[in-house]
Amino acid sequence: MSHSISMSEFDPKKPSVPISYPIKTLKELKSRSYFESFHYPFNKASVSNIQSGSSALPNRGRLLVCHDMAGGYSDDKWVQGGTNADAYAIWHWHLIDVFVYFSHNLITLPPPCWTNTAHRHGVKVLGTFITEGDVGRAMCNELLSTKESTQMYAEHLAELAFNLGFDGWLMNMEVKLDPGQISNLKEFVNHLTLTMHSSVPGSLVIWYDSVTIQGDLWWQNQLNEHNKPFFDICDGIFTNYSWEEDYPTRSAAVAGDRKFDVYMGIDVFGRNTYGGGQWNTNVALNAIRKDDVSAAIFAPGWVYESKQAPDFETAQNRWWGLVEKSWGILRKYPGALPFYTNFDQGRGYHISVDGDKVSDATWCNISSQGIQPILDFADSTTNSIQLLVDLKEESYSGGGNITFKGSLEGDTYFKRRIFQGDFILSELPIHFNYSVKSDSNSSLGLVLEFTSTINERMSILLTSQGMNHLSSRFSKVVPTSEHKGNAPGWVIHEGTIEMNGYILTEIHALCYRSDAPSNELRLKARPYGSDRTLASPTGYFAVLGHITIKTSDYKPDFPVSTSWLVAGDYINWKSGPQDSKILDVKISWKLKEGKNFAFPHYNVYVVKLSKQADINPSTTLEHVQEYLGVAQVNCFYVSDLEVPPSTSSLKFIIQVCSFDGTNQNLSESPYYQLEVEAP
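This write-up is about the structure you can find in this document. What you see is a predicted model, and the numbers here were worked out from it, not measured in a lab.

Our focus in this paragraph is the overall build of the protein. For the protein, the count of helices and strands is 13 helices and 32 strands. Its C-alpha radius of gyration of 27 Å places the protein within 12% of the 26 Å reference for a compact globule of 679 residues. Across its three principal directions, the C-alpha atoms of the protein cover 80 × 70 × 50 Å. Within the protein, the fraction of its 679 residues that count as buried is 59%. Taking the contacts inside the protein whose residues are at least 6 apart along the sequence as the reference set, 77% of them involve residues at least 24 apart. Approximately 27,000 Å² of the protein is accessible, and the part contributed by carbon and sulfur atoms is 49%. In the protein, 56 side chains carry a positive charge and 74 a negative one; their mean positions are 1 Å apart.

Right, dumping it as structure tokens:
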């Protein structure tokens, strides 16, 4: 479905395809009109910062990343997903502590897709409050007119962050002010900080180095006496980019025990920035790292906007690889079980559910990002196996996977880390399963690295294949059972291990050849035909579709369909081509009173029931459902749905999805049935 919208004719109260959009005037902020918008319920983030375990910032040098990509609100504004498979995305979250969504509007509200995926990876998300030029100066005259007005506007900003689920604000007062306005400006920053802290645990208000305490628009490029009074009443300062080599040291001295709250700015486009930015961004990072303060990277979308060769994904991995080499891996991903990932980058060329392709349309929706693998691309060209996230290769779930291809001689193997974490294990056994699609003699196992409380290390190989020639290289080999997935070609590996008192620290993929000739299950799978294998006797090809690790007692608890109230609103019928009809409808669902369950997302389908189906209900559901999209919140807007003239009613099915990647059976899922309007 293609989207288009004219912002000049945009009426936020009227139903339309849900979008994210900024607040452009103080009048809009004061009136709280945003909460009356049709789009408001769709813009709430569904993954909280508490859920991600990211309530407090670590006591070390941090990396803040400020989005500023092509003015903001591009492909990411489509809350339910856009159509551009090549849309901009970030997937190196293990290198980031704070993400700021930035545009040049007065109030930039982060699209929920960024908040959801950042929180899923333990990263905080800030919106932006900015005043610029003559219009910004006039707004400041209103904002700072009285102490009461500053408090009122600060409380409205905090209310927006609380209700939309993001973690605070970058404050960019890029205007010259009268000295008499400074006391109220300080009140604004102080009151916003206190109100944010009381309403959103772990929230942040960060001051941008622009207007000084004297009211001058005078960028300092460091923390000093001209901007420290603002730093003292909020959570940090983001300095301008034109600093010199000794400025981080000076700033650290001024900050004292708050040196990590100083974020030295780096403009990736290289505009007057130390080191020149672009492919030399690491020059500035190295200087900042040496002086033990934090860094603020502005506009990493440069890689995308400037179309760096050879393609976005390769250039993006190379650029962030330089950041990692300079700054190191900052964080291990949140360590709560269940752990589930489908390697989805939030964009792609198809969508799969449990191995079945439900859509072959191009799409983008960063909310759908799975936990991203931590991959090292530095030496990929010298390895016998190439490892990549291949969005065009078939997926088990969503639109992503990890593809391994290349060559392997007889008894050799290829091992590569794909995740780092701190999963503290209890006395309960842990159950794992993962999906693989491979050529006939290409095998893929997982290696789990554990550390005990007394620092003992164990390396456990999970595999379904006999591996006598490799067994001695691991502390233990745990056999997995294999069974076919629901869709052709996919093989599901399952097993259980007990590791009480250990911490799961790393997950590796292990590529190897089966000891025996192709077993019956793999021969039947062979989804890719024999040409690839026959072309080279050492050829290797395997796709890893998902990984789930959970305690043995975890079972998804799906409420029965009658536990839900599902309703349709804003129903609008139009005439379509050849006697068809076109439908717009908002579908909402909630659990009945007394029930309290949380779910990460919902898949939405429609079944177009014909008059023949009314007469003969034996038509199977599996053959007629049409995938519409994914909902992160408890509502979904169906737009421009073409309904053939033979259709008597529409059955909208809400498939509930669990945190371990399990999906409720469609036949047991809640639904909303709508009779087709008579002509």
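What follows deals with the pattern of salt bridges. One pass over the structure, following the stated rule, counts 21 salt bridges. The salt bridge involving Glu-449 is made with Lys-415; its shortest N-O contact spans 3.7 Å. Taken together, the residues Glu-449 in strand β19 (residues 442–452) and Lys-415 in strand β17 (residues 414–424) connect sequence positions 34 residues apart.

With that settled, consider empty space enclosed by the protein. With a probe scaled to a water molecule rolled over the atoms, the places where space remains empty come into view. Evaluated as defined, the whole model comprises 6 cavities of 30 Å³ or more. Phe-42, Val-79, Gln-80, Gln-632 and Val-633 are, among the 13 residues lining the largest cavity, the residues nearest its centre. For the lining of the largest cavity, the secondary structure elements donating two or more residues are α2 (112–120) and β29 (625–631). Take the lining of the largest cavity: its biggest share by element is 3 residues, from α2. Here the lining of the largest cavity is composed, by residue class, of 8 nonpolar, 4 polar and 1 charged.

Next up on the list: the nonpolar core. If you look at the biggest cluster of nonpolar residues, it comprises 134 residues, and the most contacted ones within it are Trp-169, Leu-185, Leu-544 and Ile-547. Looking at this core element by element, the count peaks at 7 residues for helix α4 (residues 147–164). Counting residues in each nonpolar core, the second largest holds 25 residues, with Leu-591, Val-604, Val-656 and Leu-674 among its members.

Moving on to the side chain of Thr-273. Examined against the element boundaries, Thr-273 turns out to sit in the loop between β8 (262–267) and α8 (281–290). Contact partners of Thr-273, with chain neighbours within four places excluded, come to Tyr-241, Gly-265, Ile-266 and Asp-267.

Pairing is antiparallel across the open sheet formed by 4 strands, whose spatial order is β29-β28-β31-β32. Where the open sheet ends on each side, the last strands, each with one partner, are β29 and β32 (671–675). Across the sheet, the axes of successive neighbouring strands diverge by a mean angle of 20 degrees, strand direction being ignored. Pairing of strand β31 (residues 647–657) with β32 involves 5 bridges; the strand directions are antiparallel. Across the sheet, residue Phe-652 finds its bridge partner in β32, namely Tyr-672.

Conventions adopted
Residues numbered from 1 in each chain as written. Predicted model: local features only at pLDDT ≥ 70, side-chain atom pairs only at ≥ 80, totals over all residues. Heavy atoms only, no water. Helix = DSSP H or I, 4+ residues; strand = E, 2+ residues; numbered from the N terminus. Rg over C-alpha atoms; globule rule 2.2 N^0.38 Å. Buried < 20%, exposed > 50% of the residue type's maximum accessible area, 1.4 Å probe, protein only. Contact = heavy atoms within 4.5 Å. Areas by Shrake-Rupley, 256 points an atom, 1.4 Å probe, with all protein chains shown as cover. Lys, Arg positive; Asp, Glu negative; His and termini not counted. Charge placed at Lys NZ, Arg CZ, Asp CG, Glu CD. Salt bridge = Lys/Arg side-chain N within 4 Å of Asp/Glu carboxyl O. 1 Å grid on protein atoms, 1.4 Å probe; cavity = no way out; pocket = protein on both sides within 12 Å on 5 of 7 lines; lining within 4 Å. Points joined across faces, edges and corners; volume = space filled by probe spheres on them. Nonpolar A, V, L, I, M, F, W, Y, C, P; charged D, E, K, R; others polar. Core = buried A, V, L, I, M, F, W, Y, C linked by side-chain atoms within 4.5 Å. Pairing = 2+ DSSP bridges. Axes fitted to C-alpha atoms, helices over the stretch in contact; angles between N-to-C directions.

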